[in-house]
Amino acid sequence: MLISERYIIFYIFALFTTTLKTHWQQKKQRYRTCIVMQQTIPNRIVIYAKDIMNITGRKERAARKLIAKIKKKNKKERGTFLTVKEFCQFTGFDEESVNQFLHF
């Protein structure tokens with residue numbers, strides 16, 4: 001191999017590895033940004049059947065029935081959201097502990 005061919009091969013290899021490093025650095029930076037964005041998301045005010053399942057240990061159907069009872073008591077129409085505050089008032093749970101549970 002000639003000296004100039006070695007330099008060309010080395011140059012291509014160096015260019016390729018530098019590009020890869022830059023690519024991974026950018027990807028790592030995007031990942032860090034996503035983590036920071038996740039930490040700044042405020043607590044939710046809406047509660048879903050899956051959340052009720054996790055909080056109470058009930059099955060999905062029972063959680064949906066509980067949501068229907070709460071909506072009926074609060075005279076809410078079908079398709080409207082149920083807030084954490086309404087759920088806590090109905091069940092007697094502490095709102096702060098439910099919010100902590102939903103946040104993690």
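See the structure shown above.
Residues numbered from 1 in each chain as written. Predicted model: local features only at pLDDT ≥ 70, side-chain atom pairs only at ≥ 80, totals over all residues. Heavy atoms only, no water.

**Q** Would you mind going over the overall build of the protein chain with me for this structure?
**A** The helix and strand tally for the protein chain stands at five helices and two strands. In sequence order, the secondary structure elements of the protein chain are arranged as α-β-α-α-β-α-α. Per-residue burial over the protein chain gives 17% buried out of 104 residues. Contacts spanning at least 24 positions in sequence make up 45% of the contacts within the protein chain whose residues lie at least 6 apart. A total of about 9,100 Å² of accessible surface is found on the protein chain, and carbon and sulfur atoms cover 60% of it. (Helix = DSSP H or I, 4+ residues; strand = E, 2+ residues; numbered from the N terminus. Buried < 20%, exposed > 50% of the residue type's maximum accessible area, 1.4 Å probe, protein only. Contact = heavy atoms within 4.5 Å. Areas by Shrake-Rupley, 256 points an atom, 1.4 Å probe, with all protein chains shown as cover.)

**Q** Is there a simple way to explain helix H3 (residues 60–73) in this structure?
**A** Structurally, the α-helix is built with 3.6 residues per turn, so residues lying three or four positions apart point the same way. Taking 1.5 Å per residue, 14 residues should reach 20 Å; H3 reaches 20 Å between its end C-alpha atoms and fits that length. Residues of H3 that are buried include every one of Ala63, Leu66, Ile67, Ile70 and Lys71, and no others. The buried residues of H3 occupy an angular sector of 135° when projected down its axis, which confines them to one face. Turned more than 90 degrees off the buried face of H3, the exposed positions are Arg61, Lys69, Lys72 and Lys73. Turning to H3, the residues buried within the fold contact helix H2 (49–56), strand E2 (82–83) and helix H4 (84–91). Immediately downstream of H3, the backbone of lysine 75 shows phi near 55°, a positive value. (Expected span 1.5 Å × (residues − 1). Arc of directions from axis to C-beta.)

**Q** What should I look at first to understand the side chain of aspartate 51 in this one?
**A** Locating aspartate 51 in the fold gives a position in helix H2. A relative accessible area of 10% places aspartate 51 in the buried class. Ignoring any residue separated from it by four or fewer positions in sequence, one finds aspartate 51 in contact with Arg44, Val46 and Leu102.

Geometry only, nothing functional implied.
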